[in-house]
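Residue strings, one per chain:
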Amino acid sequence: LADAPSFRAALMSGNSAALQKALKSLIKNNGFAFAHITDELGHWSYETRPGANSSSKPSPLTDRAMADHPGSGLEVFSAADLSRENPKLAERARIVPGTSLPGDQQAESRALVLRAVYPIRGPQGRIMALLDAGVVLNRNQEFIESLRERVYGTGTLPAGGNGAVAVLLGDSRITTNLPFNSKEVAVGTHVASDLRNSVIGDGSVAVLDQRIGDEWYISAYRPLYDVDGQAVGMLQTAFLQAPFRTAQYRAIGVLLLASLALIGASTWIVLRGAKSIFKPIEQMTAVVRATQAGHDQRIGDVHSQDEVGELARQFD
């Protein structure tokens, strides 16, 4: 949008109606919660909404864009920051745990925003304004579903694996498709303090078996950093443990059956070998006992070709 000739022409002519129409289209078609044209200090320009506030939340992204380095990153917006953008935005972004979630879960009034700032250049290439827009991640199911599609492609999980993704602000899940029960997802649930300290405090990646709601999951967490390089939250990926346990038990069963079959075959081979060894000895023993009893008896044919067989033939 910032590079579109029609948009820059409207900006140069000061056509507020055309500029706001373009921004509204940007918001509607791309999932932004807000979009503004600002100066280098973040002051809004060409706003047509009655009572609109005059400036955006200060950000390092603004300074970088003025130095001709467009960028994007995560930022934490307070309830006041959200209300400045839109009076209804703070209430929509507020995370209130469901009634069936554990009683110690607390509401979260802040929001995690994926923000982008882009320079708008004039005819001579001079930066004459900035385009500042943000996507609020709280309860953003479209965003979280797109993440799940990126993480869990076709064939990455066994049948019934049910891969899920969650974005956490601090230790609270602000958006997720992770089921908590048959009626609710786990939005508003919190992770344990030791997990938070390990991931956000130490910057570690954590992998663990974790019970969430009614099911056991294999979960992984890694820190999320804002535009200032501070760890402000976590990204969680998880999938059901049960299908992998079933596959594990199936593999153990197959291995056990194969082992039993191998033992059975080995036993049969050993017994066959032992019979070929001991039969000539049994025949010689029978001749000795018959001779002692006064009977005339011979060993007869001996089919064994080893040393024991040779001994039996010589004995005969």
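This one's a predicted model, so the numbers in the text were calculated from it and none came from an experiment. (Residues numbered from 1 in each chain as written. Predicted model: local features only at pLDDT ≥ 70, side-chain atom pairs only at ≥ 80, totals over all residues. Heavy atoms only, no water.)

Things to note about the pairing of strand β8 (residues 206-212)
- Taken together, the seven bridges between β8 and strand β9 (residues 215-225) define a ladder with antiparallel strand orientation. Opposite Q210, over in β9, you have Y217 as the bridge partner. (Pairing = 2+ DSSP bridges. Helix = DSSP H or I, 4+ residues; strand = E, 2+ residues; numbered from the N terminus.)

Comments concerning helix α2 (residues 16-30)
- Taking 1.5 Å of rise per residue, 15 residues should cover 21 Å, and α2 covers 21 Å from first to last C-alpha, within 8% of that figure.
- For α2, every residue scored as buried is listed here: L19, Q20, A22, L23 and L26. Angular distribution of buried residues about the axis of α2 spans 155°; they occupy a single face of the element. For α2, exposure combined with an orientation more than 90 degrees from the buried face picks out A17, K21, K24, K28 and N29. (Expected span 1.5 Å × (residues − 1). Buried < 20%, exposed > 50% of the residue type's maximum accessible area, 1.4 Å probe, protein only. Arc of directions from axis to C-beta.)

Here we look at a nonpolar patch on the surface
- A cluster of nonpolar residues, L256, L257, L260 and I263, forms a patch on the protein surface that exposes about 430 Å² of accessible area.
- Along the chain, L260 turns up in helix α8 (residues 242-292). (Patch = residues over 30% accessible without salt bridge, like charges linked within 9 Å, V, L, I, M, F, W, Y side chains within 5 Å. Areas by Shrake-Rupley, 256 points an atom, 1.4 Å probe, with all protein chains shown as cover. Salt bridge = Lys/Arg side-chain N within 4 Å of Asp/Glu carboxyl O.)

Description of the side chain of S59
- The residue S59 is located in the loop between β2 (44-45) and α3 (60-66) in this model.
- For S59, a relative accessible area of 7% translates into the label buried.
- For S59, the side chain forms a polar contact with the main-chain nitrogen of L61, separated by 3.0 Å. (Polar contact = N/O pair within 3.5 Å; in protein donor to acceptor, adjacent residues only side chain to side chain.)

A closer look at the packing of aromatic side chains
- Tallying each qualifying case throughout the model produces two aromatic pairs.
- Between the aromatic rings of Y152 and F239, the centroid separation amounts to 6.4 Å while the plane-to-plane angle is 90°, which identifies the pairing as edge-to-face. Of the two residues, Y152 is situated in the loop between α6 (141-151) and β6 (164-169) and F239 in strand β10 (residues 231-240); the sequence distance between them amounts to 87 residues.
- Classification of Y152 by relative accessible area gives buried; the value is 16%.
- Just above the ring of F77 sits the side chain of K57; from NZ or CZ to the centre is 5.5 Å. (Phe/Tyr/Trp six-rings, centres within 6.5 Å; stacked < 30°, edge-to-face > 60°. Lys NZ or Arg CZ within 6 Å of the ring centre and 35° of its normal.)

Some words on the confidence of the model for the protein
- Averaged over every residue, the pLDDT of the protein is 87; residues scoring 70 or more account for 96%.
- In the model of the protein, helix α9 (residues 307-315) stands out as the element of lowest mean pLDDT, 80, in contrast to strand β3 (residues 71-77), which has the highest, 95. (pLDDT = per-residue confidence, 0-100.)

Section: unusual backbone geometry
- For D68, which is not glycine, the phi dihedral falls at a positive 70°.
- For D68, the position within the fold is in the loop between α3 and β3.
- Notably, R139 is not glycine yet its phi reads approximately 55°, a positive angle.
- In this structure, R139 sits in the loop between β5 (127-136) and α6.

Regarding the sheet that holds β10
- An order of β7-β6-β10-β9-β8 is seen for the five strands of this open sheet, with the pairing classed as antiparallel. At either end of the open sheet lies a strand with only one pairing partner, and these are β7 (172-176) and β8. Going across the sheet, the axis of each strand differs from the next one's by a mean of 35°, ignoring polarity.
- Here β6 pairs with β7 via four bridges, running antiparallel. Note that in β7 the partner of A166 across the bridge is T176.
- On the sheet, α6 packs against β6, β7 and β10 and is oriented at approximately 130° with respect to β6. (Axes fitted to C-alpha atoms, helices over the stretch in contact; angles between N-to-C directions. Contact = heavy atoms within 4.5 Å.)

Digging into the packing of α8 against α9
- Two numbers describe how α8 lies on α9: the axes approach to 8 Å, and their chain directions differ by 20°. Put simply, α8 runs roughly parallel to α9. Classified by chirality, the crossing of α9 by α8 is left-handed. Contacts from I277, P280, I281, M284, V287 and V288 in α8 reach V308, L311, A312 and F315 in α9. (Parallel < 35°, antiparallel > 145°, perpendicular 65-115°, else oblique. Left-handed = near helix turned anticlockwise from the far one by under 90°.)

Notes on the side chain of K57
- One can find K57 in the loop between β2 and α3.
- Owing to a relative accessible area of 19%, K57 belongs among the buried residues under this scheme.
- Once you skip the residues sitting within four places of it in the chain, K57 turns out to touch E75, V76, F77, D81, R84 and R115.

Quick notes on the nonpolar core
- With 31 residues, the main nonpolar core has I37, L112 and V167 as its most contacted residues.
- If sequence neighbours within four positions are ignored, V167 has contacts with L112, L137, F143, I144, L147, S172, R173, I174, T175, L224, M234 and L235. (Core = buried A, V, L, I, M, F, W, Y, C linked by side-chain atoms within 4.5 Å.)

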